[in-house]
Amino acid sequence: MRRYIARQLVQLVVVVFGISLLAFAILHVLGDPVLLLLPQNAGKEEFERYRHLLGLDRPIYVQYWKFVSRAVLGDFGKSWYADTPAFSLVLERMPPTIYLTLSGLVVALVIALPLGTVAALRRHSWVDSLCTAVAVAGQAAPIFWLGIMLIIVFSVRLRLLPASGYGTWQNFLMPAFCLGAALAPITMRLVRSGVIEVMNMEFIKTARAKGLAEGRVVVKHAFRNACIPVITVLGLQFGQLLGGAIITETIFAWPGVATLTVESIRNQDFPVVQCAVVLLALLIVTVNLLVDVVVGLIDPRIRAS
Amino acid sequence: MSTPSRVELTEMGAAHIAASAARQATWRRLLRLRWGVGAAVVLLLIIASATVAPLIAPYDPLAVDIRHRLSPPAWMDRGTAEHLLGTDQVGRDLLARMIYGGRVSLVVGVAAVIISATIGVLLGLSAGYFGGNTDWTIMTLINVMLTFPFVLLALAVIAVLGPNLVNMIIVLGVAGWPIYARVVRAETLAIREREFVLAGRALGMGHVRLVFRQIVPNLVSTIVVIATLQVAQVIILESFLSFLGLGVQPPTPAWGNMLGEGRVYMLNSWWIATFPGLAIFVTTLVINLMGNALRDWLDPHLKL
């Protein structure tokens, strides 16, 4: 087990290194910070002076080293727009994003677990067909459109739910449903195929032969085993889930990291963008690592391979 | 020419029967895939309408009709027959804008997919064929890219490069390659050890010829299936970027920026945001249906 975790840790370091390179490259290779900072009519000397001031006239690897050695200490520079450290700005917005992501995950599981299991147990029935149809439609519906439709129906027409804002449980309903609906189709397919696979296994026959009630066979024996691929894939999909949260946040004006990032991009506030990118990546790889460890604990076969 | 012998006749007959049986099987399978065929027809209609937009659109997509600002679809009260799906905040015809808007989505979708498929297939082939350090490097790159939300990456890069059509195609194209690379690598690893590749190597074929003549032909159907499904993903992302104002800039009609503009008016004029979104939904739906059918038909073992 220790070697398994060590291997995952090495991978984590490599991925974080890659992301930091990416975040650095976005600003320094693709664009020129000075060009973005100074007004267009600034003179040539002005540009040179700023370039020297920001250390941009030094070799690119020196600049990268400076960026990394500061970033490790949580120093991503000050926001060009708000005059506060980018790090604290991003950290402040982290909890809403995490809550949204988790509640989206819960919604997805509440939809997908029962439907996927029923679809697997009653294969080729109308429930199964209905699930497939809902899954196909769900995968095609863009989250941002679904969100707007929800707002039009529930906020504008029926006046039941707030269209934006944060704090009360009513605020959570639409964003969480929106994100959950985006994640539910793939989860449902995973649950369905997982349960189908498990139901054909020997230990299910054994359980039945022992005379266990069918409900108990499904819940205690089949379902638990079917959960392993679901946990793995959902964990690895955490990045995509966060991507969905980014889209959802912008629709419902959710005060999370994504809204901040989009605002910062509009304002060309790159320290904040870089910081958000790196911290989100860190969050994603940590979750991936935890999922790997948890799955390894549940299923010894994975640990060994 | 001599008359064919009996044996030859029987062989010809057998071949004929086999061919017609194969044809029938193909038709049967196609029938089973009627959802896919239906979807393909709808998709063709969408492509055709976007292509001949100037001929079929009822108005110029930029023409302003200030008398009919924010007029609802024709079947509602206050709707006018002049504008079937209603108009937007400056009185531009929504139907015309939707027909034109399809052009952006389809062009971006196809162009970006061609770029990412090219990059992904080449990297996947190198990783799978050469193995070792090449494989390790490319796999690490894939892991980095797959870890990170595609949306955020696209947002950040667009912010630096500036929003326009070409940049969007480049970003979506460059960011989308890992899925191809991962699948192609896995398949290449398996094919690399098959007899016909070993035979090719024994005959003294070079790497390039082995890869492109022996391995790639076996991957074509897989790549086609992934590429089809990816077009839908790219269209959704493109719309999202345009929706945020980081994609195609107004007044050029694109489904995404129409949706973004409509969002401002959703309190009173629900139709402006609803119809472009519906267009995105239907397009991605039929592409997905077609992709799934293609997968069942060409490559039933592929797991995506």
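Residues numbered from 1 in each chain as written. Chains lettered and ligands numbered in written order. Predicted model: local features only at pLDDT ≥ 70, side-chain atom pairs only at ≥ 80, totals over all residues.

*Asks:* Requested: an account of unusual backbone geometry, with residues and values cited.
*Replies:* Looking along the chain, the bond that leaves B:P250 and enters B:P251 is cis, with omega of 10°. Located in the positive-phi region is A:A253, a residue other than glycine, with phi close to 50°. Examined against the element boundaries, A:A253 turns out to sit in the loop between α11 (238-252) and α12 (257-266). The exposure class of A:A253 is partly exposed, given the 13 C-beta atoms found within 10 Å. (Helix = DSSP H or I, 4+ residues; strand = E, 2+ residues; numbered from the N terminus. Buried ≥ 20, exposed ≤ 12 C-beta atoms within 10 Å, placed from the backbone.)

*Asks:* Which residues make up the confidence of the model for chain A, and what are the values?
*Replies:* Residues with a pLDDT of 70 or more make up 96% of chain A, whose mean pLDDT is 81. Confidence scores differ between elements of chain A, with helix α14 (residues 300-304) of chain A showing the lowest mean pLDDT of 61 and helix α5 (residues 86-121) of chain A the highest of 89. (pLDDT = per-residue confidence, 0-100.)

*Asks:* Tell me about the interface of chain B and chain A, and name the residues and values.
*Replies:* At the interface, 35 residues of chain B touch 39 residues of chain A. Elements that contribute at least two residues to the side of chain B that touches chain A include exactly α5 (132-147), α6 (150-161), α11 (220-243), α12 (255-264) and α13 (270-298) of chain B. If you tally residues by element for the side of chain B that touches chain A, the top one is α13(B), at ten residues. Tallied by class, the residues present in the side of chain B that touches chain A amount to 26 nonpolar, eight polar and one charged. (Contact = placed C-beta atoms within 7 Å. Nonpolar A, V, L, I, M, F, W, Y, C, P; charged D, E, K, R; others polar.)

*Asks:* With reference to specific residues and values, describe the confidence of the model for chain B.
*Replies:* Confidence in the prediction for chain B averages 84 pLDDT; 88% of positions are at 70 or higher. Predicted confidence in chain B is weakest over helix α1 (residues 6-32) of chain B, with a mean pLDDT of 65, and strongest over helix α4 (residues 94-130) of chain B, with 93.

*Asks:* I'd like a description of α5(A), backed by residues and values.
*Replies:* Taking 1.5 Å of rise per residue, the 36 residues of α5(A) would be expected to cover 52 Å, and the 51 Å separating its terminal C-alpha atoms lies within 8% of that figure. Of all the bends in α5(A), the greatest, near 35°, is centred on A:M94, and the proline A:P95 appears no more than four residues after it. (Expected span 1.5 Å × (residues − 1). Bend = angle between axes of the 7 residues up to and from the residue.)

*Asks:* Mind laying out helix α2 (residues 34-51) of chain B, listing which residues take part and the relevant values?
*Replies:* Residue and element names in this part refer to chain B. A rise of 1.5 Å per residue sets the reference length of α2, with its 18 residues, at 26 Å; its end C-alpha atoms lie 25 Å apart and thus fit the reference within 8%. Those residues of α2 that sit buried are G36, A39, L43 and A50. On an axial view of α2, the arc spanned by its buried residues comes to 65°, and they lie on one face. With respect to the buried face of α2, the exposed residues turned more than 90 degrees away are R34, V41, L44, L45 and A48. (Arc of directions from axis to C-beta.)

*Asks:* How would you sum up the nonpolar core? Please name residues and give values.
*Replies:* Formed by 165 residues in total, the largest nonpolar core has its most connected members in A:V90, A:A276, B:A154, B:L155, B:A156 and B:L172. Per-element accounting of this core gives the leading share, 16 residues, to α4(B). When near neighbours in sequence (up to four residues on either side) are disregarded, A:A276 contacts A:V90, A:V257, A:L260 and A:T261. (Core = buried A, V, L, I, M, F, W, Y, C linked by C-beta atoms within 7 Å.)

*Asks:* Give a description of the packing of α6(B) against α11(B) that names residues and reports values.
*Replies:* Residues and elements named next belong to chain B. The contact between α6 and α11 brings their axes to 11 Å, and the two run at 45°. Taken together, the axes of α6 and α11 lie oblique to each other. The handedness of the crossing between α6 and α11 is right-handed. Only L237, F240 and L241 of α11 make contact with α6, whose side of the interface consists of F150, V151, A154 and I158. Residues that form the contact of α6 with α11 fall into these classes: seven nonpolar, no polar and no charged. (Axes fitted to C-alpha atoms, helices over the stretch in contact; angles between N-to-C directions. Parallel < 35°, antiparallel > 145°, perpendicular 65-115°, else oblique. Left-handed = near helix turned anticlockwise from the far one by under 90°.)

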